[in-house]
Amino acid sequence: MSHEDCIFCKIIDGEIPSAKVYEDDKVYAFLDISQVTKGHTLVIPKTHTKNIYETPPEVAKELFARVPQIANAIKDTYNPIGMNLLNNNEEPADQSVFHLHIHIIPRYGDGDGYS
Ligand code: 5GP
Ligand code: ZN
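Residues numbered from 1 in each chain as written. Chains lettered and ligands numbered in written order. Predicted model: local features only at pLDDT ≥ 70, side-chain atom pairs only at ≥ 80, totals over all residues.

Engineer: What is the right way to read the overall build of the chain from this model?
Structural biologist: Per the secondary structure count, the chain includes two helices and five strands. Its helices and strands in sequence order give the chain the pattern α-β-β-β-α-β-β, from N to C terminus. Radius of gyration (C-alpha) of the chain: 14 Å, near the 13 Å computed for a compact globule of 115 residues. Along the three orthogonal principal directions, the C-alpha set of the chain runs to about 40 × 30 × 30 Å. In the chain, which comprises 115 residues, the share counted as buried stands at 22%. Taking all contacts inside the chain whose residues are at least 6 apart in sequence as the whole, residues at least 24 apart take part in 58%. (Helix = DSSP H or I, 4+ residues; strand = E, 2+ residues; numbered from the N terminus. Rg over C-alpha atoms; globule rule 2.2 N^0.38 Å. Buried ≥ 20, exposed ≤ 12 C-beta atoms within 10 Å, placed from the backbone. Contact = placed C-beta atoms within 7 Å.)

Written out as structure tokens, the structure reads:
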């Protein structure tokens, strides 16, 4: 179910272009437009849900079930030496897009620009 005025729903629908990393019937993953490190990816459910507080368990289950496969694909493509997963909820915690998303942030060691 897509949500009016949600940029990530528009990305899922193809109205806004994105660099696709992975897609199936439940989940979409794409490169973050602002790469904090090389390969920085966002993983989102195709069902619109604002953030973790409003996410039904079934949607969370489908989303997180895909994360290991997507993380491994990023690992194989970019060869990082580590990886952070991050989920921001509400503005005081730096959520700026109100469609649930998991950041996958590949790490390359000292000087990769992320801390
Ligand atoms: P948040 O701050 O909500 O945790 O993360 C939102 C992320 O979405 C940010 O890292 C931001 O760079 C990314 N973002 C915002 N608009 C777009 C867009 O139109 N395309 C892509 N690929 N990423 C976006
Ligand atoms: Zn949405």
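Engineer: How should the UniProt feature "active site" (unreviewed entry) in the chain be read in this particular structure?
Structural biologist: Under the local residue numbering, the UniProt record ascribes the feature "active site" (unreviewed entry) to H101. Relative to the assigned elements, H101 resides in the loop between β4 (82–86) and β5 (102–107). By the C-beta count within 10 Å, which is 23 here, H101 ends up buried. Ignoring anything within four residues of it in the chain, the contact list for H101 reads F8, L42, V43 and I44. (UniProt positions renumbered as here; feature names shortened; annotations may be inferred.)

Engineer: I keep staring at unusual backbone geometry and nothing clicks. Help me out?
Structural biologist: Generally, phi is negative for residues other than glycine and the peptide bonds are trans, each holding for most cases. Positive phi outside glycine occurs at D5, with the angle close to 70°. Along the chain, D5 turns up in the segment before α1 (7–13). The phi dihedral of N79 is positive, around 55°, even though this residue is not glycine. Within the secondary structure, N79 sits in the loop between α2 (57–78) and β4. Look at N79 and you get exposed, because 11 C-beta atoms sit within 10 Å.

Engineer: When you look at α2 in this model, what are you seeing that I'm missing?
Structural biologist: Residues three or four positions apart in an α-helix share a direction because the helix packs 3.6 residues into each turn. For α2, built from 22 residues, the straight-helix expectation of 32 Å at 1.5 Å per residue is met to within 8% by its first-to-last C-alpha distance of 31 Å. N79 sits one or two residues past α2 and shows a positive phi near 55°. (Expected span 1.5 Å × (residues − 1).)

Engineer: What am I meant to see in the site of ligand 1 here?
Structural biologist: Looking at ligand 1, there are 14 residues lining it, with I33, S34, N88, S96 and V97 nearest. For the shell around ligand 1, the class distribution of residues is seven nonpolar, five polar and two charged. (Near = placed C-beta within 6 Å. Nonpolar A, V, L, I, M, F, W, Y, C, P; charged D, E, K, R; others polar.)

Engineer: I would appreciate a short explanation of the sheet that holds strand β2 (residues 27–31) in the present structure.
Structural biologist: The strands making up a sheet are joined through hydrogen bonds of the backbone, oriented either antiparallel or parallel. On the basis of which strands lie adjacent, the open sheet formed by five strands has the order β1-β2-β3-β5-β4 and antiparallel pairing. Only two strands of the sheet have a single partner each, and these edge strands are β1 (20–23) and β4. Mean inter-strand twist for the sheet, computed between neighbouring axes without regard to direction, equals 20°. Judged from the five bridges that link them, β4 and β5 form a sheet pairing that is antiparallel. Across the sheet, L86 pairs through a bridge with H103, a residue of β5. Each of β1, β2, β3 (41–45), β4 and β5 touches α2; the most contacted strand, β3, lies at about 155° to it. (Pairing = 2+ DSSP bridges. Axes fitted to C-alpha atoms, helices over the stretch in contact; angles between N-to-C directions.)

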